[in-house]
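Observations on the model geometry
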Amino acid sequence: MSGQNESPYYFIPNPSQHPIAAAAGLLVMLGSLAGWINGVSLAPLTFALGLAWLFFVLWHWFGDSIGESETGMYGKRVDTSYRWSMSWFIFSEVMFFGAFFGALFYARQFALHDLGNLDAKLIWPDFAAVWPNNGPSNLVAHFKSMQPWPIPTINTALLLASGATLTVAHHALRDDHRNKAIVWLAATVLLGVIFLFMQGYEYFHAYNELNLKLTSGVYGSTFFLLTGFHGFHVTMGALMLAVVLVRLIRGHFKPDHHFAFEGAAWYWHFVDVVWLGLYVVVYWL
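Residues numbered from 1 in each chain as written. Predicted model: local features only at pLDDT ≥ 70, side-chain atom pairs only at ≥ 80, totals over all residues. Heavy atoms only, no water.

The next subject is the side chain of Glu93. Among the secondary structure elements, Glu93 is positioned in helix H3 (residues 76-115). The buried charged residue Glu93 lacks any salt bridge, with Arg83 as its nearest oppositely charged partner at 18 Å. Within the structure, Glu93 has its side chain in polar contact with the side chain of His233 (distance 2.6 Å). (Helix = DSSP H or I, 4+ residues; strand = E, 2+ residues; numbered from the N terminus. Buried < 20%, exposed > 50% of the residue type's maximum accessible area, 1.4 Å probe, protein only. Lys, Arg positive; Asp, Glu negative; His and termini not counted. Salt bridge = Lys/Arg side-chain N within 4 Å of Asp/Glu carboxyl O. Polar contact = N/O pair within 3.5 Å; in protein donor to acceptor, adjacent residues only side chain to side chain.)

Structure, rendered in structure tokens:
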């Protein structure tokens, strides 16, 4: 949000077609995804159309919200609502990643040891309960695990650096140094994009040189689900920050009123923290 004359009331928007239009796009996407999984030939095309429609709706929906903010319709009560909404959204994301970390913990600390106990030795005498593992019956093709050096460690440095540049940009905006804030926020977005390119190269290396795939047992599935969903969140965070950057360049936000910047920054720092946990648990342990 941007700082204008604060409204003394709680702003209530006019009736909008955006929610039902977005729901229609999501319905087309989900139906197309179901058809895609079941081999319907036109499903990829309809999925792409539904996705394009959803982006079109969100573009106009967010544009309306920005316009309302810039014309001074949002006051402190709306600002408080946005802060609580973003806080609960990030909490839901914490629980989302917590489920995947929990699945990894269960597979390593419980399921793997159960498969290697004395009773299981009667069925799979050659099985060793060590991580990573391709299963007791060798049904999964042999693969190599991903090591922390060099790509994951470089990506860790990139994300830590992006957190620092984002903090500098935020302090610059609070001190009303707009040009400085633009430069450091642009650096943050650039670091995020480099991270994504590095992760793409990591996946290429995993598939072609390590034979590590989503189908590589519980190790492959948890590795790609955790790192892949984190990469998706980095993508969303970079898009948020890019929109904030464009708004900064256009003169939006004031030193004492800029929650759009703050909300995106909260999300980005959350993504950084998740990566640190992921880097330790997935790549080192």
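So, on to the domain arrangement of the protein. Each assigned domain of the protein is listed here: domain 1 (16-73) and domain 2 (76-284). Between the C-alpha centres of domain 1 and domain 2 there is a distance of 25 Å. (Domains from an automatic or database assignment.)

This part takes up the packing of helix H5 (residues 151-174) against helix H6 (residues 178-209). The relative placement of two packed helices comes down to the angle between their axes together with the axis-to-axis distance. Viewed as axis vectors pointing N to C, H5 and H6 meet at an angle of 165 degrees, and their least axial separation amounts to 8 Å. If you check the angle between H5 and H6, you find them roughly antiparallel. Considering how the two elements wind past one another, H5 and H6 form a crossing that is left-handed. (Axes fitted to C-alpha atoms, helices over the stretch in contact; angles between N-to-C directions. Parallel < 35°, antiparallel > 145°, perpendicular 65-115°, else oblique. Left-handed = near helix turned anticlockwise from the far one by under 90°.)

What follows deals with helix H1 (residues 18-37). Here H1 is 20 residues long and its end C-alpha atoms lie 29 Å apart, about the 28 Å a rise of 1.5 Å per residue gives. Here H1 has its buried residues at His18, Ala21, Ala22, Gly25, Met29, Ser32 and Gly35. Burial along H1 is one-sided: seen end-on, the buried residues are contained in an arc of 150 degrees. What points out from H1, more than 90 degrees from its buried face, is the exposed set Ile20, Leu27, Leu30 and Ile37. Residues of H1 that are buried make contact with helix H2 (43-70). Directly beyond the C-terminal end of H1, a positive phi value near 85 degrees is found at Gly39. (Expected span 1.5 Å × (residues − 1). Arc of directions from axis to C-beta. Contact = heavy atoms within 4.5 Å.)

A full pass over the atoms with the stated rule returns 26 aromatic pairs. For the ring pair Phe96 and Phe100, a centre distance of 5.1 Å and an interplane angle of 75 degrees mean the geometry is edge-to-face. Of the two residues, Phe96 and Phe100 are both situated in helix H3; the distance of four residues between them amounts to about one turn of the helix. We classify Phe96 as partly exposed; its relative accessible area is 28%. (Phe/Tyr/Trp six-rings, centres within 6.5 Å; stacked < 30°, edge-to-face > 60°.)

Looking along the chain, the bond that leaves Trp149 and enters Pro150 is cis, with omega of 10 degrees. Looking at the element boundaries, Pro150 is found in the loop between helix H4 (118-121) and H5. A positive phi angle, close to 65 degrees, is found at Asp176, a residue other than glycine. As for its position among the elements, Asp176 is in the loop between H5 and H6. In this structure, Phe253 takes a positive phi of about 75 degrees despite not being glycine. Within the secondary structure, Phe253 sits in the loop between helix H7 (217-249) and helix H8 (259-284). A relative accessible area of 2% means that Phe253 is categorised as buried.

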